[in-house]
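The chain contents come next:
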Amino acid sequence: MIGLRGVEVAAGDFSVGPLDLDVPAGEYAVLLGPSGSGKTLVLEALAGVRRVRAGRLLLDGEDVTQLPAERRKVGLVFQDGLLFPHLTVAQNIAYGLGAAWPGRRRRSPRPEVARLAAETGVADLIDRRPATLSGGERQRVALARALAAGPRVLLLDEPLSAVDADARGSLQDLLRRVSVDEGLTVLHVTHDLGEAFAVGGLFAVLVAGRLQQVGAPHDVLRRPATVEVARFTGARNVFEARPAPGDSRRLALALGGTLRTSDSAPAGMSHAVIRADDITVASLNDLCGGEGDTLLTGRVRRVTHAGATSVVEVDVPPLFQAVVGARELEALGIEPGSTVGLRVPAAAVHVV
Amino acid sequence: MAFVVLPAASMIVGVGAGLLGEALRQDDIRRSLWLTMSAALIATAIAFVVGVPLAYLLARRDFVGKRAIEGIIDLPIVFPHTAAGIALLTVYGREGVMGRLLAPFGISFTETVAGIVLAMLFVSLPFLVDTARETFALVDERYEHVARTLGSSPGGAFLRVTFPQAWRGVLSGAVLMWGRGISEFGAVVILAYNPKVISVLTFERFEGFGLRAAQPPAVLIVIVAFVVFLGVRAVLLPRRGRSGKGPA
């Protein structure tokens, strides 16, 4: 279990917090946020290599705020593995066994190293030096080394970002499997949404030093708590809006026009959020919708191709963005300057 | 290249093997050679004990006065060496503050080996501290963070993770310092003309007996320095074949 209670961490002029977070025991949590949001500072504070300015850090219910790093029993894996370059793979893994924590029985290194190497899939690399390993292999060894010390919590700082696409999938599987097999609580830091969805059971979104939302991945994606979370999770349509006078299920957009929403808009709301893949693009003749849908027409300003799908920008106004499949794009003859219809389901309009 | 190699080569060739052998049989030259090397070694050892932790601190931590300390360490580099000797004499000489303070304990820095070591330490310390500091700065601090989470104390992380990655640079700095120490003349001659280090002996022979007499001790110290330099360079070269089975 990981607990943050009003934690504040600072590095120069930049500060993070106060943060409150609970990661239940055995949970695989992802601390998600754009670069520079302060994720690594939080991780370093938990690991005990950076002092907190205020607040308390809890690991398995124990207050570890004042405990030195070597007594916290946390495993730390950085994005580049940071294997000790002067040691072999086996010696790297054995490092945690040799420098056992006070009160912890020192285990015989060799069988334990072999077991961990096998578990992480590096058994045949045991005599190699880190410089000869690929990015994925380094991360596997780094994981084995962290596990060797028998941590109660695993802290992963962008562990997949230096790994090529082929190795990434198997490493994600390994991380998930290890966390389950070892019963470890994991806090995985990343700015990559896809990576977060691949591994995480709980999301904590950190933007500009503030914890914006904690929840299940789907909730964070579909129901962002703040505009920052909406933007970070890829919602392309974020519009300033207010409840329309006399109709709480209709939103008046600051840039003009209205949108229907399925839930009553709270008085304090400020923005409407619609994911681009929830908006349907249709020809004017085929534009129709069910009850509660908002039907709009506009001129296509730009089409950005991204492989199997394209992002179509439609000036209504405001400027909406919708994701359209390649086949649909061709069938509708969508190109800059053409006029198209948009269907925005009420359920897809989220207010923050 | 020729600018450096020519004077050294000409000096060695000019002396000849016979004269060099004769020089080695002379007691005063042998004693001076031994004194010079050992005094420089003692100075380097003292600098290692004090300077390496200081270099590490400067590489890793930000604190008030850090820039001032860095500047003070580098100060001897820009000091004219005879001026450095005068400065040391005013503090550590018989009438100096430290000289008077240490005299009751039988420690004197004028005309003693301690004075030679002090002069060498003063002028050559920056070479070790600066090189070590730059080397430590090149070792990613996060290695230590990982080592700490694996159970190492801060000192253990330094000894087991950082120093093994930095030792080549530290050794390189130590050799630079030692080399600078054995060549020191200006500061040493002011603080301790006697016992004579090789540079003072060379100067004395040149003044008293001319170039031919001064060449043997000069050549000897150049050869010793050259051999040590080559030996350390061989140690510092990364060993080949340490990288296991080759790239994955």
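Conventions we followed
Residues numbered from 1 in each chain as written. Chains lettered and ligands numbered in written order. Predicted model: local features only at pLDDT ≥ 70, side-chain atom pairs only at ≥ 80, totals over all residues. Heavy atoms only, no water. Contact = heavy atoms within 4.5 Å. Buried area = accessible area lost by both parts, 1.4 Å probe. Salt bridge = Lys/Arg side-chain N within 4 Å of Asp/Glu carboxyl O. Polar contact = N/O pair within 3.5 Å; in protein donor to acceptor, adjacent residues only side chain to side chain. Buried < 20%, exposed > 50% of the residue type's maximum accessible area, 1.4 Å probe, protein only. Helix = DSSP H or I, 4+ residues; strand = E, 2+ residues; numbered from the N terminus. Pairing = 2+ DSSP bridges. Axes fitted to C-alpha atoms, helices over the stretch in contact; angles between N-to-C directions. Core = buried A, V, L, I, M, F, W, Y, C linked by side-chain atoms within 4.5 Å.

Any chance you could explain the interface of chain B and chain A here in plain terms?
The partner chain A presents 28 residues to the 26 residues of chain B that form the contact. When the buried area of chain B at its contact with chain A is split by residue, R142, T149 and L150 of chain B rank highest and sum to 29% of it. Between chain B and chain A we count two salt bridges in total. The shortest N-O distance in the salt bridge between R142 of chain B and D80 of chain A comes to 3.0 Å. Scanning the region where chain B abuts chain A turns up four residue pairs in polar contact (both at pLDDT 80 or more).

Quick question: what am I supposed to make of helix α8 (residues 141-149) of chain B here?
Residue pairs three or four apart in sequence face the same way in an α-helix, which turns once every 3.6 residues. Burial analysis of α8 of chain B places eight of its nine residues in the buried class, the great majority of the element. Turning to α8 of chain B, its buried residues are R142, Y143, E144, H145, V146, A147, R148 and T149 of chain B. Packed against the buried residues of α8 of chain B are α1 (39-47), β6 (74-77), α2 (89-98) and α4 (135-148) of chain A together with α3 (27-60) and α9 (154-182) of chain B. G151 of chain B lies just past α8 of chain B and shows a positive phi near 110°.

Just checking my understanding: could you explain the sheet that holds strand β16 (residues 294-306) of chain A for this structure?
Pairing between sheet strands relies on hydrogen bonds along the backbone, with the strands arranged either parallel or antiparallel. All names here are of chain A. In space, the five strands of this open sheet follow the order β15-β19-β16-β17-β18, with antiparallel pairing throughout. Whereas interior strands pair on both sides, the edge strands pair on one side only; in this sheet they are β15 (280-282) and β18 (319-325). Each neighbouring strand pair of the sheet contributes to a mean axis angle of 45°, computed without reference to strand direction.

Can you help me understand the nonpolar core in this one?
Most often, soluble globular proteins have nonpolar side chains that are buried together. By size, the foremost hydrophobic cluster in this structure holds 93 residues, and its most contacted members are I2, L4, F84, L155 and L187 of chain A together with F136 of chain B. When sequence neighbours within four positions are dropped, the list of residues in contact with F84 of chain A reads N92, Y95, P130 and R145 of chain A together with Y143, V146, A147, L150 and V161 of chain B. One finds I93, L171, A196 and V229 of chain A within the second-largest nonpolar core, a separate group that totals 39 residues.

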